[in-house]
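A structural walkthrough
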Amino acid sequence: MTDVRYVLAIDLGTSGPKVALVSDRGDLVGDGFAPVDLHLLPGGGAEQDPNQWWDTITKATRQVLADQPVAPESIIAVAVTSQWSGTVAVDAAGQAVGNAIIWMDSRGADQVDDLAGGRVRFQGYDPRKLRKWIRLTAGAPSGSGKDSIAHILYLRDRHPDVYAATATFLEPKDYLNLRLTGKRAASFDSIALHWVTDNRDPNAVAYDDELLGYAGLSRDQLPELRPATDVLGGLTEAAAADLGLPPDLPVVMGTPDVHSAAIGAGTTPDRSAHLYIGTSSWLTCHVPGKKTDLIHSIATLPAAIPGRYVVANEQETAGKALEWLAGILYPGATDLRPVYAEMNEVATTVPAGSNGVIFTPWLYGERTPVEDDTVRGGFFNQSLDTGRPELIRAVFEGIAFNSRWLLGYVERFVKTTLNPIVMVGGGAQSDLWCQIHADVLGRTIRQAADPIMVNVRGAGLLGHVALGRITWAEIPSLVSITRSFRPNPAHKEVYGPLYDAFRQIYKANRGMYRKLNRKTGLSGDE
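Rules behind the numbers
- Residues numbered from 1 in each chain as written.
- Predicted model: local features only at pLDDT ≥ 70, side-chain atom pairs only at ≥ 80, totals over all residues.
- Heavy atoms only, no water.
- Core = buried A, V, L, I, M, F, W, Y, C linked by side-chain atoms within 4.5 Å.
- Buried < 20%, exposed > 50% of the residue type's maximum accessible area, 1.4 Å probe, protein only.
- Helix = DSSP H or I, 4+ residues; strand = E, 2+ residues; numbered from the N terminus.
- Contact = heavy atoms within 4.5 Å.
- pLDDT = per-residue confidence, 0-100.
- Polar contact = N/O pair within 3.5 Å; in protein donor to acceptor, adjacent residues only side chain to side chain.
- Phe/Tyr/Trp six-rings, centres within 6.5 Å; stacked < 30°, edge-to-face > 60°.
- Pairing = 2+ DSSP bridges.
- Axes fitted to C-alpha atoms, helices over the stretch in contact; angles between N-to-C directions.

Among the nonpolar cores identified, the biggest contains 62 residues, and I392 and I421 are the most heavily contacted of them. Broken down by element, this core gets its largest block of residues, 14 residues, from helix α12 (residues 388–414). Once residues lying within four places of it in the same chain are set aside, the contact partners of I392 are L325, L329, Y330, M343, V346 and A347. If you look at the next biggest cluster of nonpolar residues, it comprises 48 residues, including W84, A89, A140 and A192.

Below, the structure written as structure tokens:
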């Protein structure tokens, strides 16, 4: 075992960074975590402090290194993955100018409306611009205002002082790489949600002058572009001192969370699918070609794997809905782990179907398969007999109904039945939730080992590929599956009508939601 080597993998999630050492055999050593604050602001704002990101990463890293008897010389690289679709404004000295705007922030909806529109519109877009975006990028800026380009244009219009002080706009992962190496660069995959690159060759993604012109941006405001598997540089003296690692240790470009999950789930072959249930959720796989479903907000974007695309989609609220309910049912709880365990146990006391109660998880709008920033969540079909157990199980089931809604469009998109599906993220820690998804989706669900560490594992394995320690083809054999959950035929008749009602709830109420919650932006129709 003396030849085992490790990558220090950092996963900056919305709740905070996870850090672990990932071996070239797929094993995880250590588990460091530190929470970060989330600042929700009026008008759809969502921000975090980049300096707190760094402070918590250094704390978590030192915790891992202190707790694990790993020889320093066996650590061969650092690799970062992070929340995607965020923006850090960085000045010429490399310092963050104010808070980072993260993926939840929708304040740029007005700016996207102006960017996308013209004298003639199709689904909110100038047809000429839309053709260009789809031809080059496979997608277009989201009317929700939550893409990176929306954040930048929001800063330009509403915070001109920040915009003027900014030398470079960076994604969260790429900002952390700047802190690690002193170098400003974005990977071919992380830059995609700026919608200013030609993605037709996933191995040679490049800025496009016309797309930059649409946004009113210049190339010098954005970082250079490099493959996810490139070695960006070595740790600076300052970063090495903060982390407790040797200077000049190689830092791999890394990849956003959607992409690292696809690697960490072991789903690197084409059309091998994983379902991620975390704060948000997505269902995706790798494919060899570029494609777009504009109506249902599904597109292919460059993957971390050379020559491949990842099917991009996102459902806005998944595990966050369970956290929201926990805050209501268990007020004052500071450690949610025992709360989630109790909620899981309570949900098992209710039969499949939650005695007819349906929960819609659209607490922060929705992106896929409808782009609708005005839709909202709620419980339906309660009676005087409805209690806490029904409400809890209905949340588990409502998120699974939302996953099924997405599944049909993704399978149509990739022209393949996705079965089995590897389930990862915090939600995959629950055997009950895995079984509910198997029953609702009608697919075998494979529960990955250490599912909450899927992004850390993915970043670490990518690092080993970058340094030539392993190949992409070896990765599925390096990811362990804890258990498989097969659909229970008895539950099909229960969930079928409830799922139909779930879909009908959206159709019947979307107009009302628009009237109640309409501000700005583009809301999609089914």
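To continue, consider the confidence of the model for the protein chain. Fine structural detail should not be taken from predicted coordinates in areas where pLDDT scores are low. On average, residues of the protein chain score 95 in pLDDT, and 98% of them reach the 70 mark or higher. In this model residues 520–526 is a low-confidence stretch, pLDDT under 50, and it forms 33 contacts with partners more than four residues away in sequence or in other chains.

On to the side chain of N199, then. Residue placement: N199 occurs in the loop between β11 (197–198) and β12 (206–207). Engagement of the side chain of N199 in a polar contact is seen with the side chain of T197, the distance being 2.9 Å. The residues contacting N199, other than those within four sequence positions of it, are L136, T137, V205, K290, L301, P302 and Y309.

Summed over all chains, the structure comprises 17 aromatic pairs. Aromatic side chains F359 and F379 sit 4.9 Å apart centroid to centroid with 45° between the ring planes, which places their arrangement in the tilted category. With F359 in strand β22 (residues 358–360) and F379 in strand β23 (residues 378–380), this pair connects stretches of sequence that are 20 residues apart. A relative accessible area of 0% places F359 in the buried class. Centroid distance F401 to Y495: 6.0 Å. Interplanar angle 75°. Geometry classified as edge-to-face.

In this section: helix α6 (residues 172–181). Most of α6 is tucked away, with nine of its ten residues classed as buried. When α6 is considered as a whole, its buried residues turn out to be P172, K173, D174, Y175, L176, N177, L178, L180 and T181.

Taken together, six strands build an open sheet; the order of strands is β3-β2-β1-β6-β15-β14 and the sheet is mixed. Bordering the open sheet on either side are β3 (28–33) and β14 (231–234), each of which pairs with just one other strand. Each strand axis lies, on average, 25° off the axis of its neighbour in the sheet, ignoring direction. Alignment of strand β1 (residues 6–12) against strand β6 (residues 75–82), held across seven bridges, turns out to be parallel. Among the inter-strand pairings, L8 is bridged to a residue of β6, identified as V78. Against the sheet, helix α9 (residues 257–264) makes contact with β6 and β15 (250–256), and its axis sits at roughly 100° relative to β15, the strand it touches most.

Within the element layout of this structure, T374 appears in the loop between β22 and β23. Considering only alpha carbons, one finds T374 and R510, 136 residues apart in sequence, at a separation of 8.0 Å.

In this section: the sheet that holds strand β20 (residues 298–302). As summarised here, the arrangement of the four strands in space is β18-β21-β20-β19, forming an open sheet in which the pairing is antiparallel. Whereas interior strands pair on both sides, the edge strands pair on one side only; in this sheet they are β18 (286–287) and β19 (292–293). Relative to strand β21 (residues 309–312), β20 is paired through four bridges, and the arrangement is antiparallel. What sits directly across from T300, in β21, is V311.

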